[in-house]
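One-letter residues, chain by chain:
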Amino acid sequence: MMVADDHQIVRKGLVMLLEAEKNIDIVAEVSDGRAAVDIAEELRPHVAVMDIVMPGMGGIEATRRLRKLGVAVVALSMHSDRHFVVEMFRAGARAFLLKDCATDELVGAIRAVVEGEAYLGPSIERGLGMDLASLDYLIAEEDQRTELTPREWEILQLVAEGRSTREIASSLNLSAKTVENHRQSVMNKLDLHNVADLTKYAIRCGLTDTELL
């Protein structure tokens with residue numbers, strides 16, 4: 001499995017704790033989402049313990065990409081906001097726990113996702129008043145409201161990184177008009193009205209560094 005967290009002390013501590021468990025082998029530890037995706041493409045770990053707020057590519061977008069590689073993601077965060085929980089599961093995470101959870105709970109969540117089950121930490125359930133059933137409902141409701149295409153997600157990330165229309169067109173081998181059309185489609189779907197709002201949305205979704213807020 002792999003551990004992704006930008007705080008070195010936290011990451012090293014997680015690795016040490018998990019390596020002490022039977023049948024858990026750590027194949028990689030990384031400090032951001034982009035590195036997690038790159039390592040996963042090479043090593044194909046079965047599970048990734050993933051932080052959400054990381055520089056560069058955040059945990060939500062990394063989870064979306066890891067899901068396509070067949071990696072089961074266990075979200076481990078200090079943030080218990082409803083938005084983060086819903087968006088991580090919506091991106092494909094199979095478990096969500098807070099960083100103050102006990103080691104046994106984290107190990108139990110890892111073993112649950114390996115068995116194909118979902119897991120929501122008790123502190124999340126108590127704090128947000130939700131369970132897996134209500135979470136599924138919220139995700140389905142959000143999916144009906146917004147479904148961006150892979151190209152639209154890609155352009156949204158580049159916009160959030162401050163790229164100009166010309167730069168995006170050049171990097172994706174598209175015309176400037178096509179980029180503008182995709183950007184307008186994203187804005188229509190999300191009911192957003194300017195680049196600043198797009199950037200804030202991308203940050204909340206973990207497409208780029210949340211510290212920009």
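What you are looking at is a predicted structure, and each value in this text was computed from that prediction instead of being measured. (Residues numbered from 1 in each chain as written. Predicted model: local features only at pLDDT ≥ 70, side-chain atom pairs only at ≥ 80, totals over all residues. Heavy atoms only, no water.)

Enquirer: Explain the overall build of the protein chain here, please?
Expert: Along the protein chain, the regular secondary structure elements total 11 helices and six strands. Taken over the C-alpha trace, the protein chain has a radius of gyration of 17 Å; the compact-globule value for 213 residues is 17 Å, and the two agree within 12%. When burial is assessed residue by residue, the protein chain has 48% of its 213 residues classed as buried. Excluding contacts between residues fewer than 6 apart, the proportion of contacts in the protein chain whose partners are at least 24 apart in sequence is 62%. Only carbon and sulfur atoms are counted for the fraction: they give 49% of the accessible area of the protein chain, which is about 10600 Å². Here the protein chain contributes 24 positive and 35 negative side-chain charges, whose respective centroids are spaced 5 Å apart. (Helix = DSSP H or I, 4+ residues; strand = E, 2+ residues; numbered from the N terminus. Rg over C-alpha atoms; globule rule 2.2 N^0.38 Å. Buried < 20%, exposed > 50% of the residue type's maximum accessible area, 1.4 Å probe, protein only. Contact = heavy atoms within 4.5 Å. Areas by Shrake-Rupley, 256 points an atom, 1.4 Å probe, with all protein chains shown as cover. Lys, Arg positive; Asp, Glu negative; His and termini not counted. Charge placed at Lys NZ, Arg CZ, Asp CG, Glu CD.)

Enquirer: It is not clear to me how the side chain of D51 should be interpreted in this structure. Could you clarify?
Expert: Of note, D51 is situated in the loop between strand 3 (47-50) and helix 3 (59-68). In this structure the side chain of D51 is engaged in a polar contact, spanning 3.4 Å, whose partner is the side chain of K99. With residues up to four places along the chain from it excluded, the contact list for D51 reads A4, D5, D6, G59, L76, S77 and K99. (Polar contact = N/O pair within 3.5 Å; in protein donor to acceptor, adjacent residues only side chain to side chain.)

Enquirer: Quick question: what am I supposed to make of helix 5 (residues 103-114) here?
Expert: Along its 12 residues, helix 5 runs 17 Å from first to last C-alpha, staying within 8% of the 16 Å computed at 1.5 Å per residue. What helix 5 keeps buried is the set L106, V107, A109, I110, A112 and V113. Downstream of helix 5 by one or two residues, G116 has phi in the positive range, about 90°. (Expected span 1.5 Å × (residues − 1).)

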